[in-house]
Amino acid sequence: RVARDNRIRLVQSGEQLLDVIVESLGRLDAEFRGETPTVRGVWDYRGPEQGYFPYDENPFSDHVKAHLVRDLGHRGIVANREVEIRPSVGTGTGERTDIYVAAVRRTGTVGQDVVRVIIEVKGCWHRDVQTAMETQLRDRYLRNNGCTHALYLVGWFGCPQWSSLDGRQKTVPWSSIEDARAELTKQAEQLTTSDVTVRSYVLNAALR
């Protein structure tokens, strides 16, 4: 099947599952910017007087998760939202990750286990967007929970159509998507060790 269809990928490790997720996000990127762009699905149009506002991170994460389900679900890869990865002690809720992707891996003739990737999602305006890859994703979500692979996903909304009435514009730390990609790629490489693998992806959600 792999030989017949170049879209099929063999997933037997967290690294390979990361490859599959990044490829899928590339297809979402292309859909956003295609002949019939779908990027409007992550923007809130508030009329001619206010203009366009990016949706908050929760609706944006929902959109990404729905794409991953459509794009990868038929391959036995499951994407879930707000999965509790570490139970709480007491009455509070445990730690929840934005998107949790899992694939079943065969281990011999009858055995199987699960390969997992945690995805943390941030809007480009988030106050911790430059530090949360380390402090939240690596140091909290990947610590002592059995998952060793993660993706830091940032939605890039910088464009002239973004309403100047939205104060979040002023908190974006980069002047271009290229700057964001360069910084986050370097950071992910520095955070990757023999124990954990971290990658970054900046999804272009700008209006044309």
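Residues numbered from 1 in each chain as written. Predicted model: local features only at pLDDT ≥ 70, side-chain atom pairs only at ≥ 80, totals over all residues. Heavy atoms only, no water.

Details of the packing of aromatic side chains
Quick reminder of the rule: Geometry of aromatic contacts follows a simple scheme: Phe, Tyr and Trp rings, the Trp one being its six-membered ring, pair when their centres are within 6.5 Å, and the pair is stacked under 30 degrees between planes, edge-to-face over 60, tilted otherwise. Working definition: helices are DSSP H or I runs of at least four residues, strands are E runs of at least two. Numbering for both runs from the N terminus. Categorising residues by exposure relies on relative accessible area from a 1.4 Å probe, with only protein chains included: less than 20% of the type maximum marks a residue as buried, more than 50% marks it as exposed, and the intermediate range marks it as partly exposed. In this scheme, the term charge over a ring applies when either NZ of a lysine or CZ of an arginine sits within 6 Å of the ring centre and within 35 degrees of the ring normal.
Summed over all chains, the structure comprises seven aromatic pairs. A ring pair is formed by Trp-43 and Phe-157, whose centres lie 5.4 Å apart and whose planes are at 70°; its orientation type is edge-to-face. Remark: Phe-157 occurs in the loop between strand E6 (149-156) and helix H4 (177-191) and Trp-43 occurs in strand E1 (residues 43-45); sequence separation between them is 114 residues. Comparing Trp-43 with Phe-157 shows no difference in burial state: the two are buried. Taking 6.2 Å as the distance between ring centres and 70° as the angle between the ring planes, the aromatic pair formed by Trp-125 and Trp-162 counts as edge-to-face. Within this pair, whereas Trp-125 is found in the loop between strand E5 (112-123) and helix H3 (132-141), its partner Trp-162 is found in the loop between E6 and H4, the two being separated by 37 residues in sequence. The pair Trp-125 / Trp-162 is uniform in exposure class, with both members buried. Aromatic rings pair up to connect Trp-43, Tyr-45, Tyr-52, Phe-60, Trp-125, Phe-157 and Trp-162 into one cluster. Cation over ring: Arg-46 sits above Phe-53, and NZ or CZ is 3.8 Å from the ring centre. Just above the ring of Trp-125 sits the side chain of Arg-168; from NZ or CZ to the centre is 4.4 Å.

A closer look at the state of the cysteines
Note: disulfide means a covalent bond formed between the sulfur atoms of two cysteine side chains. Put simply, the rule is: Two cysteine sulfurs form a disulfide in these notes if their separation is within 2.5 Å.
Evaluated as defined, the whole model comprises zero disulfides. Here Cys-124 stays unpaired: no disulfide links it, and the sulfur of Cys-159, its closest cysteine neighbor, is 9.2 Å away. Here Cys-124 falls in the buried class, since its relative accessible area comes to 0%.

A few points about the environment of Gly-73
By secondary structure assignment, the location of Gly-73 is in the loop between helix H2 (57-72) and strand E3 (77-86). Sequence-wise, Gly-73 and Ala-103 are 30 residues apart; in three dimensions their C-alpha atoms are separated by 9.6 Å.

What to know about the environment of Gln-161
Counted only if it meets this: Whether two residues are in contact is decided by their heavy atoms, any of which lying within 4.5 Å being enough.
For Gln-161, the position within the fold is in the loop between E6 and H4. Assessed through its relative accessible area of 26%, Gln-161 is described here as partly exposed. With 110 residues separating them in the primary sequence, Gln-161 and Gly-51 have C-alpha atoms 7.4 Å apart. In this structure Gln-161 touches Tyr-52, Leu-207 and Arg-208, once residues within four positions along its chain are discounted.

Some remarks on the pairing of E6
Residues in a regular strand point their side chains to alternate faces of the sheet. The test is simple: Two strands pair under a simple rule: DSSP has to find at least two bridges between them.
In terms of residue burial, E6 counts as a mostly covered element, since eight of its eight residues are buried. Every second residue of E6 is oriented toward a common face, with His-149, Leu-151, Leu-153 and Gly-155 on one face and Ala-150, Tyr-152, Val-154 and Trp-156 on the other, all of them buried. Bridge analysis of E6 against strand E7 (residues 197-204) gives eight bridges, and the strand direction is parallel. Among the inter-strand pairings, Leu-153 is bridged to a residue of E7, identified as Tyr-201.

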